[in-house]
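# A closer look at the structure
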Amino acid sequence: MRFLVFLEHHEGKLQKDSLGVLSKAASLGGEVEAVLLGSGVNELAAEAGKYGVHRVHVDDDVLLDKPLPQPRVDALETLLGDRQFDAVLFASSVLSADIAAALAARLDAGLNYDLTDLAVEDGKLVGKRPALGDSVYADVGWTSEPRLALVRSGTFEPKETGGSAEVAPGRGGPDNFGLVEELAKALGGAVGATRAVVDAGWYPYSTQVGQTGKTVSPKLYVAVGISGAIQHKVGMQSSGLIVAINKDPNAPIFEYADLGVVGDLHEIVPKLTELVRARKAA
């Protein structure tokens, strides 16, 4: 069984409850991996290795500096789309509860919450949840994968087992613009960017499209991985044809796009670029 544990951190330290859940997952056997999201968090990955995790997926990004659920849900969805995990475990907090609930909706997966124990029985994860004022405990399970679990705060104590973890960089970031640039070149167009992207230093401010940037109205506007918030919509809604590519089927951009494609930009954009080039060469 493969576990993925969401590691929450605060003021440069991994939270005790998250490490407790990590320790519990390690005690259940199988392969244990963790995910660490934030800004300036690379050095925390080594700390997690002391608690039995085999690999820590790190997304160190200025866009994850603030404790907001949406970008973390995006990052987790991408990670889970790339790799197969049987269960995703969270230590309960306001932030992790928001993330877990949104992720469950995105993946159409089951979420059990307020769990006070976890076990593997006949190869399947089983959780225990208190009921009737904590006077009885009920076994709970899942009918789909990945199984999402929120563990009650203070349930598990962290236990150092020694060792170290492999650190795997998270996907996303400025490297994605290489794919977009190739598509723009094939179409004979130019690349624009959102406010968050230019604030992160990934692209020049001169390319910003939106309420605080430029207003554009090209014949074709291809929105790649853009959620479509109102601030960005103001800058491009008068485009002739709007094509949206986004892995989130509920992204606001689809409400006003003329054509929408639900999927991973890393798969769709290169293929689209090839098709455009082939059409031009014909």
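First, a word on scope: everything that follows refers to the structure included in this document. Predicted model only: the values in this text are computed from it and were never measured.

### So, the layout of surface pockets
- A volume near 310 Å³ is recorded for the second largest pocket.
- Together, 18 residues line the second largest pocket, and His-9, His-10, Asp-65, Pro-67 and Arg-72 are the ones closest to its centre.
- Of the residues that constitute the lining of the second largest pocket, the class distribution is eight nonpolar, six polar and four charged.

### Regarding the pairing of strand S4 (residues 31-38)
- In terms of burial, S4 is largely enclosed, as seven of its eight residues are buried.
- Both strand S1 (residues 2-7) and S4 contribute to a ladder of six bridges, which runs parallel. When the sheet's bridge partners are listed, Val-5 is paired in S4 with Ala-34.

### Remarks on a nonpolar patch on the surface
- Together, Leu-187, Leu-220 and Leu-241 make up an exposed nonpolar region whose accessible area comes to about 220 Å².
- In this fold, Leu-187 is placed in helix H5 (residues 177-187).
- Given a relative accessible area of 37%, Leu-187 falls into the partly exposed group.

### A few points about the nonpolar core
- Among the nonpolar cores identified, the biggest contains 31 residues, and Val-5, Leu-7, Leu-22, Leu-36, Val-53, Val-56 and Leu-89 are the most heavily contacted of them.
- Per-element tally for this core: the top contributor is helix H1 (residues 16-27), with four residues.
- Leaving out residues up to four positions away in the same chain, Leu-7 has contacts with Leu-14, Ser-18, Leu-22, Ala-34, Val-35, Leu-36 and Ala-48.

### With respect to the packing of aromatic side chains
- Across all of its chains, the model carries two aromatic pairs by this definition.
- Judged by centre distance (5.5 Å) and plane angle (40°), the rings of Phe-6 and Phe-90 are tilted. Here the residue Phe-6 occupies a position in strand S1, and Phe-90 occupies one in strand S6 (residues 87-91), the gap between them amounting to 84 residues.
- You can call Phe-6 buried: its relative accessible area is 3%.

Rules of the game
- Residues numbered from 1 in each chain as written.
- Predicted model: local features only at pLDDT ≥ 70, side-chain atom pairs only at ≥ 80, totals over all residues.
- Heavy atoms only, no water.
- 1 Å grid on protein atoms, 1.4 Å probe; cavity = no way out; pocket = protein on both sides within 12 Å on 5 of 7 lines; lining within 4 Å.
- Points joined across faces, edges and corners; volume = space filled by probe spheres on them.
- Nonpolar A, V, L, I, M, F, W, Y, C, P; charged D, E, K, R; others polar.
- Buried < 20%, exposed > 50% of the residue type's maximum accessible area, 1.4 Å probe, protein only.
- Helix = DSSP H or I, 4+ residues; strand = E, 2+ residues; numbered from the N terminus.
- Pairing = 2+ DSSP bridges.
- Patch = residues over 30% accessible without salt bridge, like charges linked within 9 Å, V, L, I, M, F, W, Y side chains within 5 Å.
- Areas by Shrake-Rupley, 256 points an atom, 1.4 Å probe, with all protein chains shown as cover.
- Salt bridge = Lys/Arg side-chain N within 4 Å of Asp/Glu carboxyl O.
- Core = buried A, V, L, I, M, F, W, Y, C linked by side-chain atoms within 4.5 Å.
- Contact = heavy atoms within 4.5 Å.
- Phe/Tyr/Trp six-rings, centres within 6.5 Å; stacked < 30°, edge-to-face > 60°.

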